[in-house]
Amino acid sequence: MLSKQDNALLVTSEANTVMGNYLRCYWHPVALSEEVAKPDSPPIRVKIMGEDLLLFRNSQGKTGLIEPFCAHRGADLFFGRNEECGIRCIYHGWKYDIHGNCIDMPNVPKDAAYHGKIKIKAYPTREFADMVWAYLGPENEEPSELPQLEAGLVPEGHRYVTKRLIECNWTHSMEGALDTAHFSFLHMPAPSFTKDDSSNIAADEKRIRWLRNDPAPRFTIIEHEVGFMIGGARNADPGDHYWRLTQFMLPTHSITPSAMPNETYYGYTWVPIDDHHCWTYVYAWNPDQPIPSDELQNYKNGGYGQFAELGPGYVPIRNRSNDYLMSREDQKNISFTGVKGVAEQDQMAQESQGYIADRTKENLTPTDIGIIRFRKLLLQEANNYAKGIKPLAPMKAAEYCIRGGGAHTSASLPLEQVMTERFGSKTGKVINHAN
């Protein structure tokens, strides 16, 4: 468990807080590229770590992230005209470029002392892996390179990226991803239901059996330069282990333990909206071939694992407001939860902990080792930054090209050998794109 003070530090992301300042050392996604798909398309409202902003794509196709209020009299620039490389305020026509410079002031005399010198806050943006990223760190610090997630390095047809709204603090949603012990329960078919083709999880019958029969995996952690890998070993067939190998990369990235050899990889990036809500960016990628059309359509329909069925605004159709459309009848006869969709099952469990989990009341077990390590690392990094010690991970962009997934091995193999045989390196770092 955590102290009340450490829990409060962990979950707060607003500016001028210990964790909020630390998180701003990194690049974060603020939108999908498709949300501002075309030059001069409508701007969109963005809220990240408690800060309200405006994102737009100018006439040259470049993105800008600026504060949303005109410097003249505070009219909301969301209602402005996106035209000729700038957002023009609807009130008196002041116009702002992607850097926040006021480049036209129609009602100000040319000889006025402040003409051409007005500027509103703007943050650097980049596009990578079909997402628009922003750096919200100190203006006097040069932003580092974007984290080189493998999903952004493969050809466009080899990946799929979306996002969904999560109605709880980002940290205990992240903890859900690092807790792979829950697969033995949360995502299982009901004990009386054995037809895998109708279950809510995308795994073969053997994996379901291994998960169900061993609900207490043994975990080992391997540290690396931008976080850690946690390996969970379950008893599989006699003399074998089924490993689930999960990656955590500072400060908000994870790779799932689901992909077996020759399968598609999956990852997440969490972005705090405020302390009670976050976006989860979800991506699938295959380094060796384009994602098959039927698999891609399944993602878009929310019919596979990590991808929820979404309504308007990237809000899951099964959500907190409607109790995730839970069916008690299905809970008895079809699935352990009575909720359709692995992503929605995860979200239900995470959001049920409250908007902010009270970690002072927990009773942790050996299967929570990854969660404990995540909290310790994030708190240590944030406290060090508050003392003037800059984090090293933002400067190690190449180390984010890393993989996680599943493996079926002899029970005699230690984790480092499992990782080396499965991914080519003991940490999961991509050496080449061979499976």
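In the block above lies the structure referred to throughout.
Treat the numbers as computed from the prediction; the structure is a model and nothing was measured.

Undergrad: I'm lost on the sheet that holds strand S6 (residues 86–88) in this one. Help?
TA: Spatially, S5-S6-S7-S8 is the arrangement adopted by the four strands of the open sheet, whose pairing is antiparallel. Either end of the sheet is taken by a strand with one partner, and the two such strands are strand S5 (81–83) and strand S8 (102–104).

Undergrad: Would you take a moment to explain the pairing of strand S4 (residues 63–66) for this structure?
TA: Consecutive residues of a regular strand have side chains that alternate between opposite faces of the sheet. The two faces of S4 match: Thr 63 and Leu 65 on one face and Gly 64 and Ile 66 on the other face are all buried. Looking at chain direction, strand S3 (residues 51–57) and S4 are connected through four bridges and run antiparallel. Counterpart to Phe 56 in the pairing with S4 is Gly 64. In sequence, S3 turns back onto S4 through a hairpin of five residues, with Gly 61 there showing a positive phi of about 85 degrees. Pairing analysis gives two bridges linking S4 to strand S9 (residues 122–123), with the strands arranged antiparallel.

Undergrad: Would you take a moment to explain the sheet that holds strand S11 (residues 131–135) for this structure?
TA: Sheet strands associate in pairs through backbone hydrogen bonding, adopting either a parallel or an antiparallel arrangement. Spatial ordering of the open sheet is given by S1-S11-S10, a layout of three strands whose pairing is antiparallel. Pairing within the sheet leaves two strands with one partner each, and these edge strands are strand S1 (27–32) and strand S10 (125–128). Strand after strand, the sheet turns through a mean of 35 degrees between neighbouring axes, direction not considered. Relative to S11, S1 runs antiparallel, the two being bridged by five bridges. Following the sheet pairing, Pro 29 is matched in S11 by Trp 133.

Undergrad: Any chance you could explain the pattern of salt bridges here in plain terms?
TA: Opposite charge on two side chains lets them pair, provided their charged atoms get close. A complete count under the given rule lists 23 salt bridges for this structure. One salt bridge connects Arg 218 with Asp 214, and the closest N-O pair in it is separated by 2.8 Å. Judged by relative accessible area, Asp 214 falls into the buried class, the value being 8%. Where Glu 223 meets Arg 373, a salt bridge forms, and the shortest distance between an N and an O atom there is 2.8 Å. A residue pair is termed long-range when its members are at least 10 positions apart, and Glu 223 in strand S13 (residues 218–224) and Arg 373 in helix H8 (residues 369–386) qualify at 150 residues.

Definitions and cut-offs
- Residues numbered from 1 in each chain as written.
- Predicted model: local features only at pLDDT ≥ 70, side-chain atom pairs only at ≥ 80, totals over all residues.
- Heavy atoms only, no water.
- Pairing = 2+ DSSP bridges.
- Helix = DSSP H or I, 4+ residues; strand = E, 2+ residues; numbered from the N terminus.
- Buried < 20%, exposed > 50% of the residue type's maximum accessible area, 1.4 Å probe, protein only.
- Axes fitted to C-alpha atoms, helices over the stretch in contact; angles between N-to-C directions.
- Salt bridge = Lys/Arg side-chain N within 4 Å of Asp/Glu carboxyl O.

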